[in-house]
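# Structural features, examined
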Amino acid sequence: MQITLLCTNPEHPVNAWLARWQAQHQQDHDVTFCRDKGELPGGDVLFLVSCSQIIDAATRARYRHTLVLHASDLPHGRGWSPHIWALLEGAEAITVSLLDAEDGVDTGAIWAKRTFPVPAHALHDEIHGLLFDTELELMDEALTMISAGGEPAPQPLHITPTYYRKRTPADSEVDPSRPLRDLFPTIRVMDSQRYPAFFRLHGHTYTIVLKKVTEHDDD
């Protein structure tokens, strides 16, 4: 198959996983890695992974299938940064949905879903690893289903969709007067390189870098 991976952010940590997936499948498929929709060559399958561009119907029509990976149990959690919002709400597991790209945000038919547990001690890089591993598994599953003539299922109409808004830098601010145990669930999901948690104190702003130095869990 002719497969295209579109990830518009060259700084996104998922890129290393996508490059590995491309290398693993290049022998059996023609896999192209693009940064901009203007580069898309057309083909059989277009995977949109951490893609910030709108892929219109005319562009999607150049592929047999245009598929999106979305980290929520759709139709719950449509919108932006769903796994971060869910973890901040106290979720202990994240479901990733593989769906058809459509004009409506996260409204397409569902091909498959996979769920992974998120330990309470996991930091953002560990959470990313669990998420990206799951996304690659779903991409493999998509190729298997397409080769077998499988079809996606429409999102259920009897379930009312929920939506998450786009996160802003203000959402990464923490209150330094609160106990660290209370702040940890927020700090741990913040990417210290791209979206660091921060606090204001003594007329200055400080960012937080959190690293795990032991694998022992004292809970």
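To start, this report covers the structure provided alongside it. (Residues numbered from 1 in each chain as written. Predicted model: local features only at pLDDT ≥ 70, side-chain atom pairs only at ≥ 80, totals over all residues. Heavy atoms only, no water.)

### What about empty space enclosed by the protein?
To locate leftover empty space, one rolls a probe as large as a water molecule over the atoms. Here is the rule we go by: A cavity, in this analysis, means grid points on a 1 Å lattice covering only the protein atoms where a 1.4 Å probe fits yet has no way out; a pocket is instead an open set bounded by protein on both sides within 12 Å along at least five of seven lines, and a residue lines either one if it has an atom within 4 Å of a point. Grid points are joined across faces, edges and corners, and a volume is the space filled by probe spheres set on the points. Gly counts as polar in this scheme, as do all residues outside two lists: the nonpolar Ala, Val, Leu, Ile, Met, Phe, Trp, Tyr, Cys and Pro, and the charged Asp, Glu, Lys and Arg.
This model, assessed by the stated rule, comprises one cavity of 30 Å³ or more. If you trace the largest cavity, you find it lined by H124, I187, M190, S192, A197, I208 and L210. For the lining of the largest cavity, the class distribution of residues is five nonpolar, two polar and no charged.

### Considerations on the packing of aromatic side chains
The criterion, for reference: Under the pairing criterion, centres of Phe, Tyr and Trp rings, with the six-membered ring standing for Trp, must be within 6.5 Å; the plane angle then separates stacked pairs below 30 degrees from edge-to-face pairs above 60, leaving the rest tilted. Strands are runs of DSSP state E lasting at least 2 residues, helices are runs of H or I lasting at least 4, and numbering of each runs from the N terminus. Between buried and exposed lies partly exposed: a residue is buried under 20% and exposed over 50% of the maximum accessible area for its type, with that area taken using a 1.4 Å probe on protein chains only.
Evaluated as defined, the whole model comprises four aromatic pairs. A ring pair is formed by W21 and F47, whose centres lie 5.8 Å apart and whose planes are at 80°; its orientation type is edge-to-face. In this pair, W21 is assigned in helix α1 (residues 14-25) and F47 in strand β3 (residues 43-48), connecting sequence segments 26 residues apart. Accessibility expressed as a relative area gives 0% for W21, which makes it buried.

### A look at the state of the cysteines
Note the cut-off: By convention in this document, the label disulfide applies to cysteine sulfur atom pairs within 2.5 Å.
Applying the stated criterion across every chain yields a total of zero disulfides. Counting only cysteine sulfurs, C51 is the nearest neighbor of C7, a cysteine outside any disulfide, at a range of 8.0 Å. Of the residues examined, C7 reaches a relative accessible area of 0% and is grouped as buried.

### Let's talk about the environment of D100
Here is the rule: Note on contacts: a residue pair qualifies if any of its non-hydrogen atoms lie within 4.5 Å across the two residues. By the criterion applied in these results, polar contacts are pairs of N or O atoms within 3.5 Å in which, for protein atoms, one can donate a hydrogen and the other can accept it, and in which residues neighboring in sequence qualify only through two side-chain atoms.
Note that D100 resides in strand β6 (residues 93-100). For D100, a relative accessible area of 15% corresponds to the buried category. On a C-alpha basis, the gap between D100 and V209 in space is 37 Å, while along the polypeptide they are 109 residues apart. With near-sequence residues (within four places) excluded, D100 lies in contact with T66, L67, G108, A109, W111 and P152. Within the structure, the side chain of D100 is placed 2.7 Å from the side chain of W111, a separation counted as a polar contact.

### Brief notes about the sheet that holds β6
In a beta sheet, neighbouring strands pair by backbone hydrogen bonds and run either parallel or antiparallel. Quick reminder of the rule: By definition, two strands form a pair when at least two bridges between them are found by DSSP. Here an axis means a line fitted to C-alpha atoms, over the contact stretch when the element is a helix, while the angle between two N-to-C directions is reported on a 0 to 180 degree scale.
Reading across the sheet, the six strands line up as β2-β1-β3-β4-β6-β7 and stay open at both edges, with mixed pairing between neighbours. Of all the strands in the sheet, just β2 (30-34) and β7 (110-117) have a single pairing partner and so form its edges. Each adjacent strand pair in this sheet contributes to an overall mean axis angle of 20°, direction not counted. Where strand β4 (residues 63-70) lies against β6, four bridges are found, and the strand directions are antiparallel. What sits directly across from V68, in β6, is L99. Each of β1 (2-6), β2 and β3 touches α1; the most contacted strand, β2, lies at about 160° to it. On top of the sheet, helix α4 (residues 124-147) reaches β1, β3, β4, β6 and β7; it is set at about 150° to β7, its chief contact.

### Quick look at the layout of surface pockets
The volume enclosed by the largest pocket comes to roughly 1,600 Å³. S50, C51, G79, W80 and S81 are the residues nearest the centre of the largest pocket, which is lined by 47 residues in total. Tallied by class, the residues present in the lining of the largest pocket amount to 22 nonpolar, 15 polar and ten charged.

### Remarks on the nonpolar core
Rule in force here: By convention a nonpolar core is built from buried Ala, Val, Leu, Ile, Met, Phe, Trp, Tyr and Cys residues, the set being connected through side-chain atoms within 4.5 Å.
Core analysis: the biggest nonpolar cluster contains 44 residues, and W21 and F47 have the highest contact counts within it. Counting residues per element, this core draws most heavily on α4, which supplies ten residues. Apart from residues no more than four positions distant in its own chain, W21 is found in contact with I3, L5, V31, F47, L136, M139, D140 and L143. Ranked by size, the runner-up nonpolar core spans twelve residues in total, among them C34, L40, L46 and V68.

### Overview of α4
Spelled out, the test is: To estimate how far a helix should extend, the number of its residues minus one is multiplied by 1.5 Å.
The terminal C-alpha atoms of α4, which comprises 24 residues, lie 35 Å apart, in line with the 34 Å expected from a rise of 1.5 Å per residue. G149 sits one or two positions beyond α4 and adopts a positive phi of about 80°.

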